[in-house]
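Take a look at the letters that make up each chain.
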Amino acid sequence: MVARPLIGISTYLESGARWGVWELQAALLPAGYPRLVRRAGGLAAMLPPDAPEHAAATVARLDGLVIAGGPDVDPVRYGADRDPRTGPPARERDAWELALVGAALHARVPLLGVCRGMQLLNVALGGTLVQHLDGHTEAVGVFGRHPVKPVPGTLYAEVVPEETSVPTYHHQCVDRLGTGLVPSAYAADGTVEAVELPPAGGGGWVLGVQWHPEMGEDVRVMEALVRAAARRGGTPGGGPLLPPGQ
C-alpha cells in the first residue's frame, strides 16, 4: 500500500473539557478536520501546543501542515492595541503556531491556514488584522454561509475556479497583507477571504482561507494540500524566514 501523506493539524488547548465522568484540561480538535484530511487521502496527526523551539523538528516529520481555526490572535503579535471586542488571548497557541508557520515556510512544507490559521499566517509575515468585522458570523456558535470569488491566476483559483458558497464563522480579517502574500479570493463586501504565497515569492504550497472547509462538503482545498504534500517528498528547506521578532 502507498503511505498516505502525514498532515499535522494544530489544536486547541482548553482548561476544562468534559467527556464521560471526566472534566480535565484537554487538547481539542473538531472532528471535521481529521475527517476532511482522511477524505482528501491524507493521514491526520494532532499537534497540541508545545515549546516553540520544537516546531522545526515537528514540521520536519510532516508532509503537510494545517493551522486550525480558533481564538483571536493576540493583537500584541501585530503591534496593535486590544479592541474591546477581541477575545481573550491564547498565548500558548500563538507562540506554538507562529513557530510552526515559520518552520513550514522555511522548510517549504505545504501549509494551509484555516480562519485563525489564515490570520496567523498573515501576522507571521508581518501583516495586521481588522479586530472586528460585522456580517461574517450567523450567530454565536452557528456557522453561516456566504459566497467567495476566486482571483484569476492564483493557486486558489486553480483549485476552485468558480464562485462558491462557503461555511463561515469569524469576526476578524486581514488588514495589511504580510510580506509576499497576495489575495486569492474575496467576499462580496471586499473582505479578503483567501491569501497565498506564490512560489515566485519564495513560497512552496502556502494557502490561507478565511472560511471553514472542515464544516462543508467541498474537499478540493484539502485535496490540493494533500497532493502537494505527496509531491514534496524530501525537498530541502530554504523558503522565506519570518520577520525579526516573530
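What comes next concerns the included structure. (Residues numbered from 1 in each chain as written. Predicted model: local features only at pLDDT ≥ 70, side-chain atom pairs only at ≥ 80, totals over all residues. Heavy atoms only, no water.)

1. Thoughts on helix α6 (residues 220-232)
The end-to-end C-alpha distance of α6, which contains 13 residues, comes to 18 Å, matching closely the 18 Å that a straight helix rising 1.5 Å per residue would cover. Taken residue by residue, α6 has Val221, Met222, Ala224, Leu225, Val226, Ala228, Ala229 and Arg232 as its buried positions. (Helix = DSSP H or I, 4+ residues; strand = E, 2+ residues; numbered from the N terminus. Expected span 1.5 Å × (residues − 1). Buried < 20%, exposed > 50% of the residue type's maximum accessible area, 1.4 Å probe, protein only.)

2. Observations regarding the nonpolar core
By size, the foremost hydrophobic cluster in this structure holds 32 residues, and its most contacted members are Leu65, Ile67, Leu100, Val101, Leu105, Leu111 and Leu121. Of the residues forming this core, the biggest block, nine residues, is contributed by helix α3 (residues 91-107). In contact with Leu65, other than residues within four places in its own chain, are Ile7, Gly8, Leu47, Leu100, Ala104, Val109, Pro110, Leu111, Leu112 and Leu225. Formed by 31 residues, the second largest nonpolar core is a distinct cluster that contains Tyr156, Ala194, Ala224 and Val226. (Core = buried A, V, L, I, M, F, W, Y, C linked by side-chain atoms within 4.5 Å. Contact = heavy atoms within 4.5 Å.)

3. A short note on the sheet that holds strand β13 (residues 206-209)
Taken together, nine strands build an open sheet; the order of strands is β4-β1-β5-β6-β13-β12-β11-β8-β9 and the sheet is mixed. Strands with a single pairing partner mark the edges of an open sheet, and in this sheet they are β4 (43-47) and β9 (164-168). Averaged over all adjacent pairs, the angle separating strand axes in this sheet is 25°, with direction ignored. In the sheet, strand β1 (residues 6-10) pairs with β4 via five bridges, with the strands oriented parallel. Looking at the pairing, Gly8 lines up with Ala45 of β4. Its contacts with the sheet place helix α1 (residues 32-39) against β1, β4 and β6 (111-114), and it is angled at close to 160° to β1. (Pairing = 2+ DSSP bridges. Axes fitted to C-alpha atoms, helices over the stretch in contact; angles between N-to-C directions.)

4. What to know about the state of the cysteines
Across all of its chains, the model carries zero disulfides by this definition. Unpaired in this structure, Cys115 has its nearest cysteine sulfur neighbour in Cys173, at a distance of 11 Å. The class for Cys173 is buried, based on a relative accessible area of 5%. (Disulfide = S-S within 2.5 Å.)

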